[in-house]
Amino acid sequence: MDARKTYELEITRVREGIRSQARDVVAREVFLHIYVNGEPEVSLAMLPGKERELALGYCLSSGIIKRLEQVKSLDVEIGAGSDFYSEVRVWTETENGAANFKGGGD
């Protein structure tokens, strides 16, 4: 099993009215922070994996881009310093076709 997608958890199981303690494997939900042209765009909850595809699908469906060719650069940072979130940074072209690199600020 992919360690990023699941983890073990101590649970209380109830069967036929009888409680027992057990360990179980549960899905791990993480947050994906998407930045577009250096600016925070959205944070989405997801199961780990396919971060790139989710970010591109979000950009297409929300109208940030109309075609995949408008994406000039896409960087994925899995974990981004935590097991609970990852980051995707998408850089797009402007209407005139030039790359749009506004740059993020600190």
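Placed above this text is the structure.
Keep in mind that this is a model prediction, so the values were computed, not measured. (Residues numbered from 1 in each chain as written. Predicted model: local features only at pLDDT ≥ 70, side-chain atom pairs only at ≥ 80, totals over all residues. Heavy atoms only, no water.)

**Q** Explain the nonpolar core here, please?
**A** A general feature of soluble globular proteins is that nonpolar side chains tend to end up buried together. L32, I34, C59, V71, V88 and V90 are the most contacted members of the largest nonpolar core, which totals 13 residues. Leave out the neighbours within four places in its chain, and V90 touches Y35, V36, N37, C59, V71, S73 and L74. (Core = buried A, V, L, I, M, F, W, Y, C linked by side-chain atoms within 4.5 Å. Buried < 20%, exposed > 50% of the residue type's maximum accessible area, 1.4 Å probe, protein only. Contact = heavy atoms within 4.5 Å.)

**Q** Can you walk me through unusual backbone geometry in this structure?
**A** Negative phi characterises most residues that are not glycine, and trans characterises most peptide bonds. The backbone of E16 shows a phi angle near 55°, a positive value even though the residue is not glycine. Although it is not a glycine, K50 sits at a positive phi angle of roughly 65°. Turning to its location among the elements, K50 is positioned in the loop between β4 (39-46) and α1 (51-61). A residue is classified by how much of its surface remains accessible, and K50, at 60% relative accessible area, is exposed. (Helix = DSSP H or I, 4+ residues; strand = E, 2+ residues; numbered from the N terminus.)

**Q** It is not clear to me how the packing of aromatic side chains should be interpreted in this structure. Could you clarify?
**A** Geometrically, a pair of aromatic rings is defined through the distance of the ring centres and the angle of the planes. Throughout the structure, instances matching the rule amount to zero aromatic pairs. Its end group placed over the ring of Y35, R89 keeps NZ or CZ at 4.0 Å from the ring centre. (Phe/Tyr/Trp six-rings, centres within 6.5 Å; stacked < 30°, edge-to-face > 60°. Lys NZ or Arg CZ within 6 Å of the ring centre and 35° of its normal.)

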